[in-house]
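A look at the structure
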Amino acid sequence: TPERFPTLYLLHGYTGNCFDWCTGSNIRAYAEKNKIAVVMPSGENSFYLDDEKADIRYAGFLAELVEFTRKMFPLSEKREETFIGGLSMGGFGALRNGFYYSELFGKVIGLSGAYIQDELADMKEEGNGVAPRGYYERVFGDLKTAAGSDKNPLVCAQQAVKKGTAPKVFMACGTEDFLISQNRAMQERLKQAGVSVDYFEGSGVHDWQFWNAWIEKAIDWLMSNE
């Protein structure tokens, strides 16, 4: 049989698109070096959650994408060789969907993840400096109940742990990143839930210099047989 490649589904951040990783990082070189296929979908500004009102299924699309790309390309069908990762909004989406579809993904990467689920309930009309409250209501639905729902990566992680299917997680965030406290809290709570988490901090802010350096480390972690 022909070689079937381990595969990383790699998600972009807020206001980004499917080309971001190719222009912002050396992902192509890292993929070639490790003989890993990388699939980079566009998720608009969806946090990779299903939009109930507009009936656009961004999360469901990720699950279908795995099935579709396996038919199109020589990709491994093994869970332990199927990974999901992302930066910022994509880090949130990778963790949430990695746990929500835990039977599909063996490992998850979250770089500088926008784990904002606990801040939604008290959000003011003008929002949080990134977007107004109305945007978050479209993405997360009822902001009062979002943190307790399966839109929260942590809730999905707890469910995956109960099923015995929780993927391993690699998280990294820059010490000068505006999301550092959210990343510290998320990794602590994932560990408390029983998830295997390798968490790292390094000098850096919310930018491609940090993500380029750490996606290389993350792919090395994916390909190690830990």
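Residues numbered from 1 in each chain as written. Predicted model: local features only at pLDDT ≥ 70, side-chain atom pairs only at ≥ 80, totals over all residues. Heavy atoms only, no water.

A short note on the nonpolar core
- Core analysis: the biggest nonpolar cluster contains 49 residues, and Phe-47, Phe-99, Tyr-136, Phe-140 and Leu-190 have the highest contact counts within it.
- Dropping the residues within four chain positions of it, Phe-140 is found in contact with Phe-47, Leu-49, Phe-92, Ile-116, Leu-120, Ala-146 and Lys-151. (Core = buried A, V, L, I, M, F, W, Y, C linked by side-chain atoms within 4.5 Å. Buried < 20%, exposed > 50% of the residue type's maximum accessible area, 1.4 Å probe, protein only. Contact = heavy atoms within 4.5 Å.)

A look at the pattern of salt bridges
- Scanning the entire structure with this criterion turns up 10 salt bridges.
- Residue Arg-184 pairs with Glu-201 through a salt bridge whose shortest N-O separation is 2.6 Å. Taken together, the residues span a long stretch of sequence, with Arg-184 in helix α7 (residues 180-193) and Glu-201 in strand β8 (residues 197-202) at a distance of 17 residues.
- One continuous salt-bridge network, built from bridges that share partners, spans Glu-125, Arg-133 and Glu-137. (Salt bridge = Lys/Arg side-chain N within 4 Å of Asp/Glu carboxyl O. Helix = DSSP H or I, 4+ residues; strand = E, 2+ residues; numbered from the N terminus.)

Section: the sheet that holds strand β2 (residues 37-39)
- Read from one edge of the open sheet, 6 strands run β2-β1-β5-β6-β7-β8, paired in parallel fashion. The open sheet has two edge strands, β2 and β8, and neither has a second partner. Across the sheet, the axes of successive neighbouring strands diverge by a mean angle of 15 degrees, strand direction being ignored.
- The pairing of strand β5 (residues 82-87) with strand β6 (residues 107-111) spans 5 bridges and is parallel. Counted as the bridge partner of Phe-83 is Lys-107 from β6.
- On top of the sheet, helix α3 (residues 58-72) reaches β1 (7-11), β2 and β5; it is set at about 140 degrees to β1, its chief contact. (Pairing = 2+ DSSP bridges. Axes fitted to C-alpha atoms, helices over the stretch in contact; angles between N-to-C directions.)

Spatial relationships are all this shows, so hold off on functional conclusions.
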